[in-house]
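Analysis of the macromolecular model
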Amino acid sequence: MAGEFGVELREQLASARRALEQARTDGDEDGVEAYRGRIAALRRIADQHGIELPGGAAEEGPRV
């Protein structure tokens, strides 16, 4: 079950990253902030459960 949870978190993270890039491309500042928040929340959940996620916080930094 923990393996499935990790897979789901990674899928959610990948989806949020795609949406973040699209918001950046569209110049949607509100969307950028929302998806950065989503990514941060997914990272917190992963940390709480000892699940390692790819990438790092630097990649989600401000680039609007």
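Each value, and the rule that gives it
Residues numbered from 1 in each chain as written. Predicted model: local features only at pLDDT ≥ 70, side-chain atom pairs only at ≥ 80, totals over all residues. Heavy atoms only, no water. Helix = DSSP H or I, 4+ residues; strand = E, 2+ residues; numbered from the N terminus. Buried < 20%, exposed > 50% of the residue type's maximum accessible area, 1.4 Å probe, protein only. Contact = heavy atoms within 4.5 Å. Areas by Shrake-Rupley, 256 points an atom, 1.4 Å probe, with all protein chains shown as cover. Salt bridge = Lys/Arg side-chain N within 4 Å of Asp/Glu carboxyl O. Patch = residues over 30% accessible without salt bridge, like charges linked within 9 Å, V, L, I, M, F, W, Y side chains within 5 Å. Lys, Arg positive; Asp, Glu negative; His and termini not counted. Charge placed at Lys NZ, Arg CZ, Asp CG, Glu CD. Expected span 1.5 Å × (residues − 1). Arc of directions from axis to C-beta.

**Quick word on the overall build of the chain**
Within the chain one finds 2 helices and 0 strands. Counting every position in the chain, which comprises 64 residues, the buried fraction comes to 27%. A sequence separation of at least 24 residues applies to 61% of the contacts in the chain between residues at least 6 apart. For the chain, the accessible surface area stands at approximately 4,300 Å², while carbon and sulfur atoms represent 51% of it.

**Looking at the pattern of salt bridges**
Taken as a whole and judged by the stated rule, the model has 2 salt bridges. Between R24 and E21 there is a salt bridge, with the nearest N and O atoms lying 2.8 Å from each other. Of this pair, R24 and E21 both sit in helix 1 (residues 2-26), 3 residues apart, roughly one helical turn. Of the charged contacts, one joins E33 and R36 as a salt bridge, the two residues approaching to 3.2 Å between their closest N and O atoms. Taken together, the residues span about one helical turn, with E33 and R36 both in helix 2 (residues 29-48) at a distance of 3 residues.

**Points about a negative patch on the surface**
The grouping of D26, D28, E29 and D30 at the surface amounts to a negative patch. Its location among the elements puts D30 in helix 2. You can call D30 exposed: its relative accessible area is 67%.

**Considerations on helix 2**
With 20 residues, helix 2 extends 29 Å between its outermost C-alpha atoms, agreeing within 8% with the 28 Å of an ideal straight helix rising 1.5 Å per residue. What helix 2 keeps buried is the set G31, V32, I39, L42, R43 and A46. Projected down its long axis, helix 2 shows its buried positions confined to an angular sector of 110°, all on one face. Opposite the packed face of helix 2, turned more than 90 degrees from it, sit the exposed residues E29, D30, R44, D47 and Q48.

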